[in-house]
Amino acid sequence: MLVVSADIGGGHDATGRALEERVHTLWPGSRVGWVDTLDAMGPGVGRGFRRTYVTNVGSTPWLYEFFWSSVWRHHWFAEASKWFTGVWAGRRLAPVVERFDPDLIVSTYPLGSAGLAWLRRRRGLGVPVGAWVSDFAPHPFWVYPELDLDVVVHPAALPVAAVAAPGSPLGVCAPPVLERFRPGDRADAARRCDLDPDRKPVVVACGSYGFGAVEEAIRALVDIGDAVQVVAVCGRNERLAARLMRLEAPPGRLVVRRWVDDMPTLLRAAHLLVTNAGGVTALEAWATGTPVVMYRPIAAHGAANAALMAAAGLAETANTPAALVAGVRSRLVGRHPPHPLAAPAQPCLPDLGLPAVAQARSPHDIRSPGDAHPPDPVRPAPGRPPVHRPASWPLRPQDAFFLHVQSATVAQQVGVVLELGPRSDGRPLTGGELAALLARRLPAITTLRRRLVDRGPWRRPGWVVDRYVDPAAHLDEVRVPPGDDGSAAVDRFWSQPLAADRPLWRILLVAGLPDGRTRVAAKLHHCLGDGLSVIGVLQRLLDPADVRPAGPGRPDPARSGRPRSALGDRAREAARWAGRTAGGLARLAVQGPAPATALNRPLRSPRRLLFTCTLPSADVLRAARACQAHASELMLALTAGALGQVHPAPVPARMRAMFAVTRDLRRRAPTQGNWTGAVTLDLPLGRVPPRTRVGAVRQSLRTALRSGEPEAAGLVMRAVGALPAPLHAAFARRVYTNRHLNVIVSYVPAPFQPQVLAGAPVRTATPVVALAQGVPVGVGVLRCGETFEVGVLLDESLADFGDRFVAALRTGLADLLAEVDGEPVTASPMDVADLRQAGAAPPGARRCS
């Protein structure tokens, strides 16, 4: 889930934390990300908006009231304002949404909702989006017809929201506050807050900024007498706290607090809350069962909240010190009972009403937005209109690149082949069971509902997200005869291009294998994502192998809220990035063409052959540790050795490999998009000791990474994306060929843990990479539990190459382990010279011990 909030007052983030807590309770282990709308809108925007807000409310309330009234009175002004802020926020939120790739978006800030509505309207944002109104009284900036649900906190707010934005889908939920805000033992709470047990606490809290006539209210309350203890919560207003500390009040009558971390306990101890905005603080008091008095509400939204809460019987209002004192006396000192409607309806409190998902078994079973009315306790208003989705989301340049390089003989398809064991009842997985699983999960996997559309001859294509995708149109089932291992069916599957009139993915189920086994091959177009995207999509379809009932989850306090970095840290990181990128651009500029080899020739046919190899994880990791190398570096070295053994004569001294790298997995979308960078490095193919080859590859790869080549390649990809589509396509087709690379190698840095697919355990998962024009060999590596799985995709012209290459991989690992264990392998003088030509140290000067 992505929380779209803003740091302007504390209410928007507080509402987001409540929704985050609810998500963790419903689905333990869910990933929750935050974005500050104002920070996303540009440098200094947040600071400017906060300063403007504080100035308007504190110094020029008439101006704030004028804007508020104009939004209500003049429809054209409201629409123009919402359009302007929506375009601004929407354009800046788009890359954030792309990177995070959420299943669900919740907005707690009006400008964030405006940006999401613009993305829905103009770019076809396809995931469910809900806006939670943290004010009691909604206003036009809060409510948007384009979103799937606009949630208010009381039925009395429904007609106000309906007038604010006619035709909007509306719902009602319990106060969106943390679960800790609930009634409890008042005496125990007062003791924990170190309050006087012989006095009745009255909490005065006017938001994080401490706006309004706070001192006036406190002076009046302090004069009531010793029966009342006034607790002033000043929030971030240090000046207010200092003035109150200097206030001459009888001992014990006034307690001044700044920021209060344990607000639930303080409100539980209070006999009364005095506030002036009617935002989250009032909702927290309402959920706790503490009566609320609104004293001289602040302009605009504060006055609206007070009026609506009073009309609903949930608060009292007072506009003079005398009225405030009279109200407090009657409630606390007199004989009148507490307000009968002070506490909310508790049956609503456990479910905050995530749209259409509150009763789902898992996040992957979320219904598509608009498929049905949300379940209670979110109660939708009658007459919900259909959701409007007319537009397409343009492909990122990095994604459009792989669409441009596809040809009739070179399909850009990436994927995985799963080997499945029998289900728990001994039966093999069937196509019907897999189709049923897809039908349940597809509504929550936006990547598999993206369909390509043309946006004109000069513009990059775009995505639209289909509301419904028929699993049967993307699922093939083949039953092989006895003695057939299904390899031919899998080869045909990887040789066929994807249909462009539907979402660009397909699944093949191979049945009839012995011992109840099945094989499932899944592929998606490279413009949809890379290898990590394939694994991310697959994770949405799989279930943990060991399913245990989970109790109520709790959000990690360290992850609650929004991580922030200092401006200086961001500036230093930007400077480091600029330096690395400059170095990488220089490296790219001086790189020559790839070596000409007998393997690299134009691909004349779309037919492909897939070969697989399994290597024990223990052996691979032991060899990598002995060479002081990462497993990816070791696998690159094994690939180089295997290529040297099976390459037809004459064997070149080196071959250039393109190797995908990911700097930070946290900054990429898990299921869509090409977010990896790439480096090119020359692999030594000569006959040298295996450990020496590993050292050479390690040095070459780390030099490429330190040079900034991944950052530079990413910058070039984004820059050429600004060209008209025909020029972008011409550039892509020129550079992504054997002019610049000989072989493609991909190491997926995401260990694949044992899981089950529709009840069938996954035994192995083999990655499959796409080829390029003139590049007939693609090698993918994935760690799957106790093994490393290697997928080798070849052009049909190399039919006799695959088995020998796989055997050479195994032999290379065995030779390396033998050398590590003390059985040296020597190299000839010519091999050492070849190694020097490839940029590595000779055996006598090895850097890995």
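Residues numbered from 1 in each chain as written. Predicted model: local features only at pLDDT ≥ 70, side-chain atom pairs only at ≥ 80, totals over all residues. Heavy atoms only, no water.

**Re the overall build of the protein**
Part 1: Across its full length, the protein carries 26 helices and 29 strands.
Part 2: Across the 849 residues that make up the protein, the buried fraction comes to 59%.
Part 3: A sequence separation of at least 24 residues applies to 76% of the contacts in the protein between residues at least 6 apart.
Part 4: Surface summary for the protein: the accessible area is close to 34400 Å², and the carbon and sulfur share equals 56%. (Helix = DSSP H or I, 4+ residues; strand = E, 2+ residues; numbered from the N terminus. Buried < 20%, exposed > 50% of the residue type's maximum accessible area, 1.4 Å probe, protein only. Contact = heavy atoms within 4.5 Å. Areas by Shrake-Rupley, 256 points an atom, 1.4 Å probe, with all protein chains shown as cover.)

**With respect to the packing of aromatic side chains**
Part 1: For the structure on display, the rule yields 14 aromatic pairs.
Part 2: Where Phe49 meets Trp88, the ring centres are 6.2 Å apart and the plane angle is 65 degrees; that geometry is what we call edge-to-face. Residue Phe49 is located in helix H3 (residues 45-58), and its partner Trp88 is located in helix H5 (residues 75-100); the two are separated by 39 residues in the primary sequence.
Part 3: Accessibility expressed as a relative area gives 27% for Phe49, which makes it partly exposed.
Part 4: Overall, Trp88 belongs to the partly exposed group, its relative accessible area being 30%. (Phe/Tyr/Trp six-rings, centres within 6.5 Å; stacked < 30°, edge-to-face > 60°.)

**A word on helix H1 (residues 11-26)**
Part 1: Over its 16 residues, H1 extends 23 Å from the first C-alpha to the last, a length consistent with the 22 Å expected when each residue adds 1.5 Å.
Part 2: Buried residues dominate H1, accounting for 14 of its 16 residues. (Expected span 1.5 Å × (residues − 1).)

**Re the pattern of salt bridges**
Part 1: The final tally for this structure, using the stated rule, is 35 salt bridges.
Part 2: Among the salt bridges present, the one from Glu419 reaches Arg519, with a minimum N-O distance of 2.4 Å. One end of the pair, Glu419, is in strand S15 (residues 413-420); the other, Arg519, is in strand S20 (residues 518-525), with 100 residues separating them in the sequence. Comparing Glu419 with Arg519, the two get one shared label, buried.
Part 3: Among the salt bridges present, the one from Arg607 reaches Glu796, with a minimum N-O distance of 3.4 Å. (Salt bridge = Lys/Arg side-chain N within 4 Å of Asp/Glu carboxyl O.)

**Topic: the pairing of strand S5 (residues 149-152)**
Part 1: Judged by which residues are buried, S5 turns out to be covered on both faces: Leu149 and Val151 on one side and Asp150 and Val152 on the other are all buried.
Part 2: Two elements, strand S4 (residues 129-132) and S5, share 3 bridges in a ladder whose sense is parallel. If you follow Trp132 over to S5, its bridge partner there is Val151.
Part 3: The pairing of S5 with strand S6 (residues 170-172) spans 3 bridges and is parallel. Across the sheet, Val151 pairs through a bridge with Gly171, a residue of S6.
Part 4: One crossover worth recording links S5 to the parallel S6 by way of helix H7 (residues 158-164), and it is right-handed. (Pairing = 2+ DSSP bridges. Right-handed = clockwise from strand over helix to strand, strands pointing away.)

**What about the environment of Ser407?**
Part 1: Among the structural elements, Ser407 can be located in the loop between helix H15 (397-404) and S15.
Part 2: Look at Ser407 and you get partly exposed, because its relative accessible area is 32%.

**A closer look at the environment of Ser208**
Part 1: You can see Ser208 is positioned in the loop between strand S7 (200-205) and helix H9 (214-222).
Part 2: With a relative accessible area of 8%, Ser208 lands in the buried category.
Part 3: A sequence separation of 25 residues divides Ser208 from Val233, and the C-alpha atoms of the two residues are 8.7 Å apart.
Part 4: Contact partners of Ser208, with chain neighbours within four places excluded, come to Gly9, Gly10, Cys234, Gly235, Arg236, Asn237 and Trp259.
Part 5: Polar contacts involving the side chain of Ser208 include one to the main-chain amide nitrogen of Gly10, which spans 3.2 Å. (Polar contact = N/O pair within 3.5 Å; in protein donor to acceptor, adjacent residues only side chain to side chain.)

**Some remarks on a nonpolar patch on the surface**
Part 1: On the surface, Trp62, Leu63 and Phe66 cluster together into a nonpolar patch covering about 380 Å² of accessible area.
Part 2: As for its placement among the helices and strands, Leu63 is situated in helix H4 (residues 61-73). (Patch = residues over 30% accessible without salt bridge, like charges linked within 9 Å, V, L, I, M, F, W, Y side chains within 5 Å.)

**Things to note about the sheet that holds strand S17 (residues 462-465)**
Part 1: Read from one edge to the other, the open sheet built from 3 strands follows the order S14-S17-S16, with strand pairing classed as antiparallel. Only two strands of the sheet have a single neighbouring strand rather than two, namely strand S14 (393-394) and strand S16 (450-453).
Part 2: As paired strands, S16 and S17 are joined by 4 bridges and run antiparallel to one another. The residue of S17 that forms the bridge with Arg450 is Val465.

**Here we look at the packing of helix H21 (residues 631-646) against helix H25 (residues 802-820)**
What describes two packed helices is the angle between their axes and the distance between those same axes.
Part 1: It is the contact of H21 with H25, at a shortest axis distance of 8 Å, that shows an interaxial angle of 125 degrees. The angle between H21 and H25 places the two elements in the oblique class. Here the hand of the crossing between H21 and H25 comes out right-handed. Taking contact as the criterion, the partners of Leu634, Leu638, Thr639, Ala642, Leu643, Gln645 and Val646 in H21 are, on H25, Arg804, Phe805, Ala808, Leu809, Gly812, Leu813 and Leu816.
Part 2: Here the residues of the contact of H21 with H25 are counted per class, giving 10 nonpolar, 3 polar and 1 charged. (Axes fitted to C-alpha atoms, helices over the stretch in contact; angles between N-to-C directions. Parallel < 35°, antiparallel > 145°, perpendicular 65-115°, else oblique. Left-handed = near helix turned anticlockwise from the far one by under 90°. Nonpolar A, V, L, I, M, F, W, Y, C, P; charged D, E, K, R; others polar.)

**Looking at the pairing of strand S25 (residues 743-752)**
Part 1: Across the 10 residues of S25, 8 count as buried, placing the element largely inside the fold.
Part 2: Relative to S25, strand S23 (residues 654-661) runs parallel, the two sharing 3 bridges. Counterpart to Met658 in the pairing with S25 is Ile744.
Part 3: Pairing analysis gives 6 bridges linking S25 to strand S28 (residues 777-784), with the strands arranged parallel. When the sheet's bridge partners are listed, Ile744 is paired in S28 with Gly778.

**Observations regarding the sheet that holds S28**
Part 1: Read across the open sheet, the 6 strands follow the order S22-S29-S28-S25-S23-S24; overall the sheet is mixed. The open sheet is flanked by strand S22 (608-616) and strand S24 (677-684), the only strands paired with a single partner. Neighbour to neighbour, the strand axes of the sheet diverge by 20 degrees on average, direction disregarded.
Part 2: Set on the sheet, helix H17 (residues 487-495) makes contact with S22 and strand S29 (787-795); between it and S22 the angle comes to about 120 degrees.
Part 3: Where helix H22 (residues 690-706) meets the sheet, it contacts S23 and S24, and its direction lies at approximately 150 degrees from that of S24.

**Some words on the confidence of the model for the protein**
Part 1: The share of residues in the protein with pLDDT of 70 or more is 86%, and the mean pLDDT across the chain is 84.
Part 2: Here residues 335-390 scores under 50 on pLDDT; set against residues more than four positions off or in separate chains, the count is 139 contacts. (pLDDT = per-residue confidence, 0-100.)

**Details of the nonpolar core**
Part 1: Among the nonpolar cores identified, the biggest contains 91 residues, and Ile105, Leu119, Leu125, Leu418, Phe752 and Leu757 are the most heavily contacted of them.
Part 2: Looking at this core element by element, the count peaks at 8 residues for H5.
Part 3: Counting 51 residues, the second-largest nonpolar core is a separate cluster that includes Leu615, Val781, Val806 and Leu817. (Core = buried A, V, L, I, M, F, W, Y, C linked by side-chain atoms within 4.5 Å.)

**Brief notes about unusual backbone geometry**
Negative phi is the rule for most residues except glycine; trans is the rule for most peptide bonds.
Part 1: Cis geometry marks the peptide bond from Ala649 to Pro650; its omega dihedral reads -5 degrees.
Part 2: Structurally, the position occupied by Pro650 is in the loop between H21 and S23.
Part 3: The backbone phi angle of Asp194 is positive, close to 60 degrees, even though this residue is not glycine.
Part 4: Looking at the secondary structure, you find Asp194 in the loop between helix H8 (186-192) and S7.
Part 5: Residue classification places Asp194 among the exposed residues on the basis of a relative accessible area of 67%.
Part 6: Of note in the backbone geometry, Gln628 takes a positive phi value of approximately 55 degrees without being a glycine.
Part 7: Here Gln628 falls in the partly exposed class, since its relative accessible area comes to 44%.

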